[in-house]
Amino acid sequence: MTGSGQSGDKPEGQTGTAMASEGKPRNRLYVNFIINLIGALLPIPVMILTVPVYIDYVGDARYGVISLIWVMIGYLGFLELGLAPATINALARLDHSAQRERARVIVTSFTINASMTFFGAFLLYLLGSYIVGGVVQVPLEIEDEVKAAMPWIALLLPLVILNGAGIDAIEARENFALANVLQVSGAIFAQILPLAFAVFVSPDLGTVIPGAVLARVLLMLAIFVAINRIEGPIRITDFDRDRARKLLSYGGWVTISSVLTPILGSLDQLMVGRFFGVAAVTYYAVPLNLISRSQIIPGAISRAIFPRLASSKPDEAKSLTARVLVITALLYGGICASTILLMDPLLTLWLGEAFADRAGVPATILVTSIWLNSLIFAPYWLIHSQHRPDLIAKLHLGLLLPFAGVLILLTMQFGIVGAACAAALRSLFDFGGHLTLSGILRRVVLPLALPFALLAAATLAHLTIDDWLTAFILACAVWPVVALLVFLLDRATFNLLVGFALKPLRLIGNRPAE
């Protein structure tokens, strides 16, 4: 962990231009990636173990409502006004010893976030019952539960956004170890505590949702204590109007993207609920959430890369982005290809044959959609580091109406399979647009064609092979192909990965004899 350095302030004119390379100790990028990867892996077993118990205790309909609650919270995420990247960008450019200026950025960002998200919580309280009960089909027997839980649902919005803002402030220092300790412990607790309420008290939504609120309140307290320790002392009087204008100016276009991104990313779930009821959302959302958990590699790199890009020169940032993107596409492509081949066994063993029969095909399509969507992080953060968030907003504005039309048409015609196909098409055009706008399309288009072909071959094999043993053999065969591609495209990264793989063997070989 890096300390906060000297307590004295620098002159105002110097603090704003101090770059990350000046007086800032930084881990190598792969160290930050490994820390984030471990942090992403740890909650997965908890999710795998708890989701079947959740569905068993609360039922398909209640679990579908819970999924839609998170969709609504995602929609209202725009109320953070693009302050997350704006805050990380501002803090990454400040020297660690510029304590007072860093405190101004943090307090100003938190104050704006708190004001807007509590306003959003009020809107969610007023409109949430209509959205869940009117837009989608909710069984009559749980309508009263939804209404009773609505105050608690509304409270989740500011808690989720403020907790995210706190983690962002810690990560701006590239202090990913502390950020992951807080985030992982909070995620595990937030998964277990509501389940404990459901099992030992009542599966009623008015009981389960308060458990989720309590878990996030405890996480928020822990985050605030950590920030005050590494950046403090933090004072409410550190709010700065000039800094607020700068943050909001950067975040203006980000806000538009923040409005559109959750709509683009979750409109498919709403359409499934609208046309087929909340129970059908479970067969779409559960595999979607499981597959999304596999985004550990792109997610870990994404969290590590933006502070580095924000403090790098433009040419260096483009080269780093292109290299990271290709390697991520290959490694995560291997995970996705293996997941496609093993989708039927995984869903059957986890949730039963009946669930797998209904969810298997859309889940397979969603794997490719998530692979494409997860790779957006690299050009996305590159565009932000170029101070052009307006390009992303304009791209999403252009995608919204065509995606909505295709989604409605395919969902009405082909059900949840059609919704998954529409989501995959949207991810393809979104990813292609980001590559073009970031200026790295020509550098990466040919290398990216290789993992895309691997996923296409895996999908074809999944649709034609019913034997689990053959699927397992093919899933294992994916990895020699991925290793060969990494070797051909990036020898340095290949050697690094081999070194990591052989390190345990070297440690065992170097142990002194008893």
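All of the points below concern the structure found in this document. Quick caveat, the model's predicted, so the values are computed rather than measured.

**Looking at the overall build of the protein**
- A tally of helices and strands in the protein yields 19 helices and zero strands.
- Burial statistics for the protein: of 514 residues in total, 54% are counted as buried.
- Within the protein, contacts between residues at least 6 apart in sequence are counted, and of these 86% link residues at least 24 apart.
- Here the protein displays about 22,400 Å² of accessible surface, and carbon together with sulfur accounts for 67% of that area.

**A word on the nonpolar core**
- Core analysis: the biggest nonpolar cluster contains 147 residues, and I69, L124, Y284, V286, L325, W371 and F431 have the highest contact counts within it.
- The leading source of residues in this core is helix α3 (residues 43-75), at 15 residues.
- Contact partners of Y284, with chain neighbours within four places excluded, come to D268, Q269, V272, L366, I416, A419, A420 and A423.

**Details of a nonpolar patch on the surface**
- Together, V406, L425, L428, F429 and F452 give the surface a local cluster of nonpolar side chains, amounting to about 440 Å² of exposed area.
- For the nonpolar patch, the element with the highest residue contribution is helix α16 (residues 389-438), accounting for four residues.
- Looking at the element boundaries, L428 is found in helix α16.

**Some points on the environment of A393**
- In this fold, A393 is placed in helix α16.
- Judged by its relative accessible area of 0%, A393 is buried.
- Taking the C-alpha atoms as reference points, A393 and V259, 134 residues apart in sequence, are found 9.2 Å from one another.
- Beyond its immediate chain neighbours, meaning those up to four positions away, A393 contacts W253, I256, S257 and L260.

**Side note on the side chain of T87**
- One can find T87 in helix α4 (residues 83-92).
- Only 2.9 Å separates the side chain of T87 from the side chain of S109, close enough to count as a polar contact.
- With residues near it in sequence (within four places) discarded, T87 still touches V105, S109 and L247.

**Overview of the packing of helix α7 (residues 176-200) against helix α8 (residues 205-231)**
- Two elements in contact, α7 and α8, have axes whose closest approach is 7 Å; the angle formed by their N-to-C orientations is 160 degrees. When the axis of α7 is compared with that of α8, the two are roughly antiparallel. Where α7 crosses over α8, the two elements pack in a sense that is right-handed.
- Along the lines of polarity and charge, the residues of the contact of α7 with α8 split into 19 nonpolar, three polar and one charged.

**A look at the packing of aromatic side chains**
- Considering all chains together, one arrives at seven aromatic pairs under this definition.
- Consider the rings of Y380 and W381, whose centres lie 4.9 Å apart with planes at 80 degrees: the pair is edge-to-face.
- For the cation-ring pair, R358 lies above Y283, with the distance from its terminal atom to the ring centre recorded as 4.3 Å.

**So, the pattern of salt bridges**
- As enumerated under the stated definition, the model contains 10 salt bridges in all.
- The residue R323 makes a salt bridge to D490 at a minimum N-O spacing of 2.8 Å. Note that R323 is positioned in helix α12 (residues 314-341) and D490 in the loop between α18 (468-489) and α19 (491-509), a separation of 167 residues in sequence.
- Residue classification places D490 among the buried positions, given a relative accessible area of 11%.
- Here K394 and D390 are joined by a salt bridge, their closest N and O atoms 3.4 Å apart.

**Observations concerning the environment of L484**
- Among the structural elements, L484 can be located in helix α18.
- The class for L484 is partly exposed, based on a relative accessible area of 48%.
- The sequence separation of L484 and F494 amounts to 10 residues, and the corresponding C-alpha distance is 9.0 Å.

**Brief notes about the side chain of T50**
- You can see T50 is positioned in helix α3.
- Other than its neighbours up to four places away in sequence, T50 contacts Q191 and L195.

**Re helix α15 (residues 377-385)**
- For α15, the buried fraction is high: eight of the nine residues fall into the buried class.
- The complete set of buried residues in α15 reads F377, A378, P379, W381, L382, I383, H384 and S385.
- H387 occupies a position one or two residues after α15 and carries a positive phi of about 60 degrees.

**Digging into α18**
- Helix length check: α18 (22 residues) gives 32 Å between terminal C-alpha atoms against 32 Å at 1.5 Å per residue, within 8%.
- Of the residues making up α18, those classed as buried are A471, A475, V478, V482, L485 and V486. Along the axis of α18, the buried positions cluster into a sector of 95 degrees, meaning they face one direction only. Exposed residues on α18 whose side chains face more than 90 degrees from its buried face are L469, I473, P480 and L488.

**Topic: the environment of I153**
- With respect to the helices and strands, the residue I153 is situated in helix α6 (residues 143-171).
- On the basis of relative accessibility, which here comes to 1%, the residue I153 falls in the buried class.
- As for I153 and V213, which are separated by 60 residues in sequence, their C-alpha atoms are 8.0 Å apart.

Calculation notes
Counting of residues starts from 1 at the beginning of each chain's written sequence and follows it residue by residue. Where totals are concerned, whole chains, interfaces and linings use all residues; where local detail is concerned, this predicted model gives features only for residues with pLDDT of at least 70, and gives and counts side-chain atom pairs only at 80 or more. To get the side-chain values, all heavy atoms of the structure are used, and hydrogens and water are removed first. The way it works is that DSSP assigns letters per residue, a run of H or I at least four long becomes a helix, a run of E at least two long becomes a strand, and they are numbered from the N terminus. Here the term buried applies to any residue with accessible area under 20% of the maximum for its type, exposed to any over 50%, and partly exposed to those in between, with areas from a 1.4 Å probe on protein chains only. Throughout, a residue-residue contact means that at least one pair of heavy atoms, one from each residue, lies within 4.5 Å. To be clear on the numbers: accessible area is Shrake-Rupley with a 1.4 Å probe, and residue cover counts the displayed protein chains and nothing else. Residues belong to a common nonpolar core when they are buried Ala, Val, Leu, Ile, Met, Phe, Trp, Tyr or Cys residues joined through side-chain atoms within 4.5 Å. A residue counts toward a patch only above 30% relative accessible area and without a salt bridge, and it is joined to like-charged neighbours within 9 Å or, for Val, Leu, Ile, Met, Phe, Trp and Tyr, to nonpolar neighbours within 5 Å. Criterion for a salt bridge: a side-chain nitrogen of Lys or Arg within 4 Å of a carboxyl oxygen of Asp or Glu. Whenever a nitrogen or oxygen atom comes within 3.5 Å of another N or O atom, the pair is scored as a polar contact, on the condition that within protein one atom can donate a hydrogen and the other can accept it, and that pairs from neighbouring residues in sequence are kept only if both atoms are in side chains. Geometry is summarised by axes, namely lines fitted to C-alpha atoms with helices restricted to the contacting stretch, and by angles between N-to-C directions that run from 0 to 180 degrees. For classification purposes, an angle smaller than 35 degrees is called roughly parallel, one larger than 145 roughly antiparallel, one from 65 to 115 roughly perpendicular, and anything else oblique. Less than a right angle of anticlockwise turn of the near helix away from the far helix marks a crossing as left-handed, whereas a clockwise turn marks it as right-handed. In this classification, the charged set is Asp, Glu, Lys and Arg, the nonpolar set is Ala, Val, Leu, Ile, Met, Phe, Trp, Tyr, Cys and Pro, and all remaining amino acids, among them Gly, are polar. The rule is short: rings of Phe, Tyr and Trp, with Trp giving its six-membered ring, pair when the centres are within 6.5 Å, and they are stacked under 30 degrees, edge-to-face over 60, tilted in between. Any Lys NZ or Arg CZ that is within 6 Å of a ring centre and within 35 degrees of that ring's normal is treated as a charge sitting over the ring. The span one expects for a helix is its residue count, reduced by one, times 1.5 Å. Throughout, the arc means that of the directions going from the helix axis to the C-beta atoms.

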